[in-house]
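Each chain is listed here by its residues.
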Amino acid sequence: MTVSSHASQDINAPGSIAAVSIISAAGAAIFLILPILLGGAAEYLQLNEEQAGLIASSYFVGFLLVCLSAVFWIRRFNWQHISLMGFVFLSGGLAASAFITEYELLLAMMALSGIGAGTLFGLAVCILSDSRDPDRYFGVKLFAEQAIGAALLFMLPMYITERWGFQGLMLTVAGVMALLGIASFWLPSRGRRTPESTRGSSSEKVKVWPVWIALLALMIYFAGLSGLWAFVERIASSNGIDAINIGKALSFGLIGGGIGAFAAALLGDRFGRLLPLVFSTLLLTAVIFIYSTSFDALLFAISTFVLSAVWNYGLAYQMGIVVSLDLKGNLSVLISSFLSLGAIIGPALAGMLINGQGYGQLFIFTIAAIVMGLLGFMMLLVKFGSKITSVALRNA
């Protein structure tokens with residue numbers, strides 16, 4: 001099969017979904033390994049929690065900038081070319097970070113890597129928004145992200161960081177990202193929506209405020225959880241758990257994330273969208289309570305497994321709500337922008353809270369954020385529940 005025949009394949013074809021899932025996994029990889037990346041950087045450059053949190057935020061500033069602009073160009077260029085360019089920025093920025101010893105330069109290289117990752121993640125969201133079953137395919141995408149993230153979290157602390165430190169970690173991740181870039185050749189080159197078709201006619205009166213509410217709820221929810229996730233390694237370390245066991249626990253946790261995402265892909269809307277969101281939020285609250293107590297390595301591993309599983313299970317439905325509310329199809333691409341906004345706000349605010357008042361304030365912030373996000377989604381589902389389902393069917 002030639003590259004040109006790959007480019008023309010249907011978005012819903014298994015090959016396309018697999019390729020999209022791989023590039024999305026590359027775009028999400030840094031976020032998923034953030035606990036050990038920040039821990040490694042903190043030890044390598046002797047940083048405090050606030051400085052470590054700003055490394056994550058600088059990465060997501062680059063991520064956000066490219067995602068915000070994507071609405072203007074992502075449907076105008078060949079998707080294979082966009083993907084390849086994203087991998088160049090991501091791998092190049094990570095590789096350069098391995099040789100930097102100045103904190104400010106590291107922030108700049110992480111922002112460059114974020115531009116590449118944002119390109120890949122935003123492209124994946126755009127492609128899946130054109131698919132016939134976004135809830136299910138978002139679940140498949142999340143499963144791939146968790147699988148690759150789990151492999152990295154298992155391999156890096158045990159085989160790389162212990163021997164080669166932060167530099168080895170960054171070079172290894174850069175190499176893995178470059179290898180995943182091969183998936184770009186299996187992407188479709190265009191979507192079923194053209195730039196013109198997403199605008200709609202001037203006579204159409206389509207409410208867009210529900211989409212913005214859904215995006216805001218997604219951002220708030222993600223900010224709370226990303227702030228917690230960024231410092232999970234530090235929380236475990238403060239309880240006396242060593243780096244090897246933390247890495248194993250985080251890898252085990254991402255296996256849970258894969259199971260949660262697979263459950264969303266398998267179940268689809270069988271139980272609606274409200275019940276999965278309430279269920280996942282309740283379990284997340286229980287995990288946060290456990291993190292606030294004294295725990296051993298086994299309880300940490302189990303709690304992190306549940307955290308990742310229910311987070312990804314609920315996230316598939318949250319993204320599906322945004323896509324279903326987006327009648328004109330031109331705002332769904334902003335999912336990645338609002339996720340990155342949450343990922344910028346969360347770790348930075350978490351670092352400041354920890355640095356000033358300890359981990360207790362982080363736990364309060366996380367619970368408040370996920371409850372606020374849930375209330376936003378609940379309001380939309382109560383008001384537009386039947387319309388969301390009918391829109392999803394019409395777009396199939």
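Cut-offs and rules
Residues numbered from 1 in each chain as written. Predicted model: local features only at pLDDT ≥ 70, side-chain atom pairs only at ≥ 80, totals over all residues. Heavy atoms only, no water. Helix = DSSP H or I, 4+ residues; strand = E, 2+ residues; numbered from the N terminus. Buried < 20%, exposed > 50% of the residue type's maximum accessible area, 1.4 Å probe, protein only. Contact = heavy atoms within 4.5 Å. Areas by Shrake-Rupley, 256 points an atom, 1.4 Å probe, with all protein chains shown as cover. Core = buried A, V, L, I, M, F, W, Y, C linked by side-chain atoms within 4.5 Å. Axes fitted to C-alpha atoms, helices over the stretch in contact; angles between N-to-C directions. Parallel < 35°, antiparallel > 145°, perpendicular 65-115°, else oblique. Left-handed = near helix turned anticlockwise from the far one by under 90°. Nonpolar A, V, L, I, M, F, W, Y, C, P; charged D, E, K, R; others polar. Expected span 1.5 Å × (residues − 1). Polar contact = N/O pair within 3.5 Å; in protein donor to acceptor, adjacent residues only side chain to side chain. Salt bridge = Lys/Arg side-chain N within 4 Å of Asp/Glu carboxyl O. 1 Å grid on protein atoms, 1.4 Å probe; cavity = no way out; pocket = protein on both sides within 12 Å on 5 of 7 lines; lining within 4 Å. Points joined across faces, edges and corners; volume = space filled by probe spheres on them. Phe/Tyr/Trp six-rings, centres within 6.5 Å; stacked < 30°, edge-to-face > 60°.

A. Summary view of the overall build of the protein chain. What the protein chain contains, in helices and strands, is 14 helices and zero strands. A total of 396 residues make up the protein chain; the buried ones form 58% of that total. Long-range contacts, defined as pairs at least 24 residues apart, comprise 87% of the intrachain contacts of the protein chain with a sequence gap of at least 6. Accessible area for the protein chain stands at about 15300 Å²; split by element, carbon and sulfur atoms hold 68% of it.

B. Examining the nonpolar core more closely. In this structure, W229, F300 and I335 are the most contacted members of the largest nonpolar core, which totals 134 residues. A total of 16 residues in this core trace back to one element, the largest contributor, which is helix 7 (residues 134-180). Ignoring any residue separated from it by four or fewer positions in sequence, one finds W229 in contact with F31, L32, L34, P35, L153, L250, L254, T304, L307 and W311.

C. Quick look at the side chain of S24. Note on placement: S24 falls in helix 2 (residues 14-32). The exposure class assigned to S24 is buried, which follows from its relative accessible area of 0%. Discounting chain neighbours no more than four positions away, the residues touching S24 are F121, A124, K141 and E145.

D. Region of the structure containing the packing of helix 8 (residues 209-230) against helix 11 (residues 274-291). As a packed pair, helix 8 and helix 11 sit with axes 13 Å apart at the nearest point and diverge in direction by 30 degrees. As summarised for this structure, helix 8 and helix 11 are arranged roughly parallel, according to the angle between their axes. In this structure, helix 8 meets helix 11 at a crossing whose hand is left-handed. The residues of helix 11 that touch helix 8, namely those facing Y221, L225 and L228, are L277, S280, T281, L284, I288 and Y291. For the contact of helix 8 with helix 11, the per-class residue count stands at seven nonpolar, two polar and no charged.

E. Structural view of helix 10 (residues 243-267). Its 25 residues place the ends of helix 10 36 Å apart at the C-alpha level, agreeing with the 36 Å of an ideal helix rising 1.5 Å per residue. At the N-terminal end of helix 10, a side-chain oxygen is found 3.1 Å from the backbone nitrogen of I244, two or three residues along, and the residue is D242. Phi for G268, located one or two positions after helix 10, is positive at around 55 degrees.

F. Expanded view of helix 4 (residues 49-73). Under the 1.5 Å per step criterion, the end-to-end length of helix 4 is 37 Å for 25 residues, consistent within 8% with the ideal 36 Å. Backbone nitrogen of E50 and a side-chain oxygen of the N-cap are separated by 3.1 Å at the start of helix 4; the cap is N48.

G. The arrangement of the environment of A25 in detail. Secondary-structure assignment places A25 in helix 2. Judged by its relative accessible area of 0%, A25 is buried. Separated by 117 residues in sequence, A25 and L142 place their C-alpha atoms 7.6 Å apart. Each residue touching A25, except ones within four places of it in the same chain, is listed here: A144, E145 and I148.

H. Structural detail: the pattern of salt bridges. Evaluated as defined, the whole model comprises four salt bridges. Linking R234 and E43 is a salt bridge whose minimum nitrogen-to-oxygen distance equals 3.8 Å. Note that R234 is positioned in helix 9 (residues 232-238) and E43 in helix 3 (residues 34-45), a separation of 191 residues in sequence. Taking the relative accessible area as the measure of exposure, R234 reaches 22% and is therefore partly exposed. Overlapping salt bridges, with partners in common, bring together E43, E233 and R234 in one network.

I. Fine view of empty space enclosed by the protein. Enumeration according to the criterion identifies three cavities of 30 Å³ or more in this entry. The computed volume of the largest cavity comes to approximately 250 Å³. Lining the largest cavity are 22 residues, with A28, F31, L32, E145 and F222 positioned closest to its centre. Secondary-structure elements contributing two or more residues to the lining of the largest cavity are helix 2, helix 4, helix 7, helix 8, helix 12 (297-325) and helix 13 (335-357). Considered class by class, the residues forming the lining of the largest cavity number 14 nonpolar, six polar and two charged.

J. The arrangement of the packing of aromatic side chains in detail. Following the criterion strictly, the structure yields 17 aromatic pairs and no others. An angle of 90 degrees between the planes, with centres 5.8 Å apart, marks the rings of F31 and W311 as edge-to-face. With a gap of 280 residues between them, F31 in helix 2 and W311 in helix 12 connect regions that are remote in the sequence. Accessibility assignment for this pair places F31 and W311 in one class, buried. Site record: aromatic cluster; members linked through ring pairs are F31, Y59, F60, F63, F121, F222 and W311.

K. Inspection of the side chain of S83 at higher detail. Considering the arrangement of structural elements, one finds S83 in helix 5 (residues 79-97). Accessibility expressed as a relative area gives 0% for S83, which makes it buried. Residue contacts for S83: discarding those within four places in its chain leaves I23, L120, L123, S184 and L187.

L. Representation of the environment of I259. By secondary structure assignment, the location of I259 is in helix 10. Residues I259 and S308 lie 49 residues apart in sequence; the distance between their C-alpha atoms is 9.0 Å.

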